[in-house]
Amino acid sequence: MISVNPKGEVWVFAEQHDGKLEDIGLELLGRARILGDKLGVKVGAVLIGDEIKSLAEKLCHYGADKVYVLEHPLLEHYQANSYGKVIDDLVHKYQPQIMIYGATACGRDLAPRVASAIKAGLTADCTDLQIGDHETKEQVYKNLLLQIRPAFGGNIIATIINYDRWPQMATVREGVMPMPELITARKHEIVAEKVHVTHDDLPLEILNEHKREKKVNLKASRIVVSGGAGVGSKENFKLVWDLANALGAAPGATRAAVDLGFIDRDHQVGQTGTTVRPSLYIAIGISGAIQHQAGMSDSQKIIAINNDPQAPILDIAHYKIIGDLNEIVPKMIKAIKARV
Amino acid sequence: MAYNCVVAIKQVPDTKRIIGEAMNDDGTVNRGALPAIFNPEDLNALEMALMIKDKFGGKVTVMTMGLPAASAILRESLYRGADDAILITDRRCGASDTLATSYILSCAIKKLDYDIVLCGRQAIDGDTAQVGPQLAEKLGIPQITYVEELISLEKKTIAARRNIGNGWQEVKCKLPVLLTVIDEANDPRVSVAKKLMKCKKARTPVEIQMQMKQDNPNASDDDIKQLTTAKVKELEEKGLLIKQWDLDYLAADLQWCGRDGSPTKVHRIQSVVLTARESKTIEPSEQGIADMVHELISDKTIS
């Protein structure tokens, strides 16, 4: 761990694969910028790989004051040991007060390894990050990172802090923080760091890898039309698809609908699926389990169609339609086709 | 060749069954009102270890850190085919975050002869998925996370397929290694009747002591101690004693255990309050729906 360092920077791990930056790093920079401004410190992005210097400028456009570029041929492909080691070294050298990572497959593999090596705290899957004070009987700790996350299956919201073993570290799910505005005229600094990494830091041999595009881009859609178990069958799920097509929307689903085989897992919205914040979310035959709400409650407008007037989803809907979805959805499609 | 596997498991409240009375008025979870279960993905980790034992031989040891009641999942592991079970229980383990937990587990695992350490990807009470990688780091061994398939084990080398969300990755690595296993990896076997019959009497020393107190309400502390020692010896001879380790036995450095060893602290807990919204109830008639659609078009929600 490093000692408490209120002058330390706010860092973001800028995840890249095959020379392409992941959106999550840019989303995190948006929030890091807010945190850094509040604390009056610089925002740094940590970019690791081989021949990836050209990506640094984009990170500055999204809010970084400084980009630490860690390049080495042995860092071409991500591994927890090698990336963990160079981050460990970098943290000890520059003593940042905060470091945030995406809660991606890579970030969730890497961040705990780093936290253990540094002996610092780490909070997983934060849905919000703020700056605030913490009081104990003995002392007031000023300007800590408030790490806010759901726990117990989404039934409670816990705010976690770390006041003595820094850096304060957290992971954040994709799509939870809005993408910041692009600023091209930002003053910035690119720091090329020397790294020490050997073959001993690469215990894994990558034999084969297959990446596939997700079948749907829920995050990028302005409208999401989702179906739940209440839709009843895979055949009947065609109603969800039809309404989505009529609106140019992305089709989504609850975990229950996915588990029942109505639709592919790529479409799952919720705590264990994708978090969405569209302009309009239409929930069809969805009761509204807290785990599902965690992935869609930030939608600007919500329409809920349900035959159960007690369904929790109705409590967060802006438009409630209580009745048989098999009659309501075709009426909606008709009304949309007539108007648009 | 045979492989020794250690499986780190956790007893968790069944968070999928949280209902009204499970929430306290102050927004905290009343754990007592929830059934305690074997963390689901830890069953997948145990199954993978048992499959390795079935195919190559070796020993499967399960280990958990928790309250004495966590012995229940250790017994359940024995019913499914684990060879040895260890309960790490100590008041000073309380309030451990993932970092302190991984430290304590690492102290225990270092006492064992192991080739492969297995964990479930994550526990359903916290969903952090942190203890696996942290434990690997503390043991100074590599980790293969999100394992969906064990491809091969040959001499001192393992190959496995990882699910990386948007695809998969096959990796090879020298033993010892730590794996975190996901629920797609396998279908955990159920208890074996013969093992259940044999192991249902397996107990930890702390359980034996509680039983002795219950059975002999008027006995002195010394008598209870004697009765407990005798019973512990009896179970040990029958191979039915679940090992129980405390932090002294682990020679753990207390500054890295429990609350003191945990950098993360709780600042605040809130129950999830559904925000009341301005909402309209729409008549499920053609006119009602058409009016709603029109409103959404005019405020540009639908373009």
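Residues numbered from 1 in each chain as written. Chains lettered and ligands numbered in written order. Predicted model: local features only at pLDDT ≥ 70, side-chain atom pairs only at ≥ 80, totals over all residues.

A. Structural view of the overall build of chain A. Helix and strand content of chain A: 9 helices and 18 strands. Its C-alpha atoms give chain A a radius of gyration of 22 Å, near enough to 20 Å, the size a compact globule of 340 residues would have. Residue burial in chain A is summarised as follows: out of 340 residues, 54% are buried. When contacts within chain A are restricted to residue pairs at least 6 apart in sequence, those whose partners lie at least 24 apart make up 64%. (Helix = DSSP H or I, 4+ residues; strand = E, 2+ residues; numbered from the N terminus. Rg over C-alpha atoms; globule rule 2.2 N^0.38 Å. Buried ≥ 20, exposed ≤ 12 C-beta atoms within 10 Å, placed from the backbone. Contact = placed C-beta atoms within 7 Å.)

B. Fine view of the overall build of chain B. Scanning chain B for helices and strands turns up 9 helices and 13 strands. With the C-alpha coordinates aligned to their principal axes, the bounding extent of chain B is approximately 80 × 55 × 45 Å. A sequence separation of at least 24 residues applies to 68% of the contacts in chain B between residues at least 6 apart.

C. Geometry of the sheet that holds strand β10 (residues 156-161) of chain A. Within the open sheet, the 4 strands sit side by side as β8(A)-β9(A)-β10(A)-β12(B). Their pairing is antiparallel. Sheet topology places β8 (128-135) of chain A together with β12 (265-271) of chain B at the edges, where each strand pairs with a single neighbour. The average angle at which neighbouring strand axes cross in this sheet is 35°, direction not considered. As paired elements, β10 of chain A and β12 of chain B share 6 bridges and run antiparallel to each other. By the bridge assignment for β12 of chain B, I160 of chain A is matched with V266 of chain B. Packed on one face of the sheet, helix α1 (residues 23-39) of chain A meets β8 and β9 (140-151) of chain A and runs near 30° to β8 of chain A. (Pairing = 2+ DSSP bridges. Axes fitted to C-alpha atoms, helices over the stretch in contact; angles between N-to-C directions.)

D. Region of the structure containing the interface of chain B and chain A. Each partner contributes to the interface: chain B provides 65 residues, whereas chain A provides 67 residues. When strand β18 (residues 319-322) of chain A meets strand β13 (residues 280-282) of chain B, the two strands line up parallel, connected through 3 bridges. Residue pairing in the sheet places Y319 of chain A in a bridge with K280 of chain B of β13 of chain B.

E. Region of interest: unusual backbone geometry. Residue P167 of chain A follows W166 of chain A across a cis peptide bond; omega there is 0°. The peptide bond linking L175 of chain B to P176 of chain B adopts the cis configuration, its omega dihedral lying at -5°. Tracing the backbone through its elements, the reader meets P176 of chain B in the loop between β9 (167-174) and β10 (177-181). In this model, K155 of chain B sits at a positive phi of 45°, which is unusual for a non-glycine residue. Mapped onto the elements of the fold, K155 of chain B is located in the loop between β7 (143-154) and β8 (157-163).

F. Examining the sheet that holds strand β14 (residues 223-227) of chain A more closely. Read from one edge to the other, the open sheet built from 6 strands follows the order β15(A)-β14(A)-β16(A)-β17(A)-β18(A)-β13(B), with strand pairing classed as parallel. The sheet is open, and its two borders are formed by β15 (250-253) of chain A together with β13 of chain B, each paired with just one other strand. This sheet shows a mean twist of 20° between the axes of neighbouring strands, independent of strand direction. Strands in contact with helix α9 (residues 325-339) of chain A are β16 (280-284), β17 (301-306) and β18 of chain A; relative to β17 of chain A, the strand with the most contacts, it is inclined by about 140°.

G. Spatial organisation of the domain arrangement of chain A. Residues and elements named next belong to chain A. One can read the domain layout of chain A as domain 1 (10-201) and domain 2 (223-339). One C-alpha centre belongs to domain 1, the other to domain 2, and the line joining them spans 34 Å. If you look at the interface, domain 1 gives 7 residues, while domain 2 gives 7 residues. Residues of the side of domain 1 that touches domain 2, tallied by class, amount to 2 nonpolar, 4 polar and 1 charged. (Domains from an automatic or database assignment. Nonpolar A, V, L, I, M, F, W, Y, C, P; charged D, E, K, R; others polar.)

H. Highlighting the environment of P73 of chain A. Mapped onto the secondary structure, P73 of chain A falls in the loop between β5 (66-71) and α3 (80-94). Once the C-alpha coordinates of P73 of chain A and L207 of chain A are considered, the two residues, 134 residues apart in sequence, prove to be 18 Å apart.

I. Region of the structure containing α3 of chain A. All names here are of chain A. With 15 residues, α3 should reach 21 Å at 1.5 Å per residue; the first-to-last C-alpha distance of 21 Å fits that figure. Residues of α3 that are buried: A80, N81, S82, Y83, G84, K85, V86, I87, L90 and V91. Residue Q95 follows α3 closely and has a positive phi angle near 50°. (Expected span 1.5 Å × (residues − 1).)

J. Layout of the nonpolar core. With 143 residues, the main nonpolar core has V46 and L47 of chain A together with V7, I104 and L118 of chain B as its most contacted residues. Looking at this core element by element, the count peaks at 8 residues for helix α3 (residues 98-109) of chain B. Once you skip the residues sitting within four places of it in the chain, I104 of chain B turns out to touch M65, I88, C93, S96, L250, A252 and C257 of chain B. Within the second largest apolar cluster, 49 residues are counted, among which are L280, I286, I305 and V329 of chain A. (Core = buried A, V, L, I, M, F, W, Y, C linked by C-beta atoms within 7 Å.)

K. Examining the packing of helix α6 (residues 205-215) of chain B against helix α7 (residues 221-237) of chain B more closely. Residue and element names in this part refer to chain B. Orientation of α6 relative to α7, taken along the N-to-C sense of each, is 130°, at an axis distance of 9 Å. It follows from the interaxial angle that α6 and α7 lie oblique. Between α6 and α7 lies a crossing of right-handed hand. Facing P205, I208, Q209, M212 and K213 of α6, the residues of α7 in contact are I224, L227, T228, K231 and V232. (Parallel < 35°, antiparallel > 145°, perpendicular 65-115°, else oblique. Left-handed = near helix turned anticlockwise from the far one by under 90°.)

L. Geometry of the environment of I183 of chain A. Inspection of the secondary structure puts I183 of chain A in the loop between β11 (168-172) and β12 (189-193). Sequence separation between I183 of chain A and I302 of chain A is 119 residues; the distance between their C-alpha atoms is 32 Å.

M. The arrangement of the packing of α3 of chain B against helix α4 (residues 131-139) of chain B in detail. Residue and element names in this part refer to chain B. At a closest axis distance of 8 Å, the pairing of α3 and α4 adopts a crossing angle of 50°. Classified by the angle between their axes, α3 and α4 sit oblique to one another. Between α3 and α4 the crossing geometry is right-handed. Across the interface between the two elements, T98, L99, T101, S102, Y103, L105, S106 and I109 from α3 touch V131, Q134, L135, K138 and L139 from α4.

N. Looking closely at α4 of chain B. Within α4 of chain B, 9 of the 9 residues are buried, which leaves the element mostly enclosed by the surrounding structure. Of the residues making up α4 of chain B, those classed as buried are V131, G132, P133, Q134, L135, A136, E137, K138 and L139 of chain B.

O. Quick peek at the pairing of β16 of chain A. Residues and elements named next belong to chain A. With 5 of its 5 residues buried, β16 lies for the most part within the structure. Bridge count for β14 against β16 is 5 bridges, and the pairing is parallel. Looking across to β16, one finds that S226 is bridged to A283. One ladder, built from 5 bridges, connects β16 with β17; its direction is parallel. Each bridged residue has a counterpart across the sheet, and for I284 the counterpart in β17 is I305.

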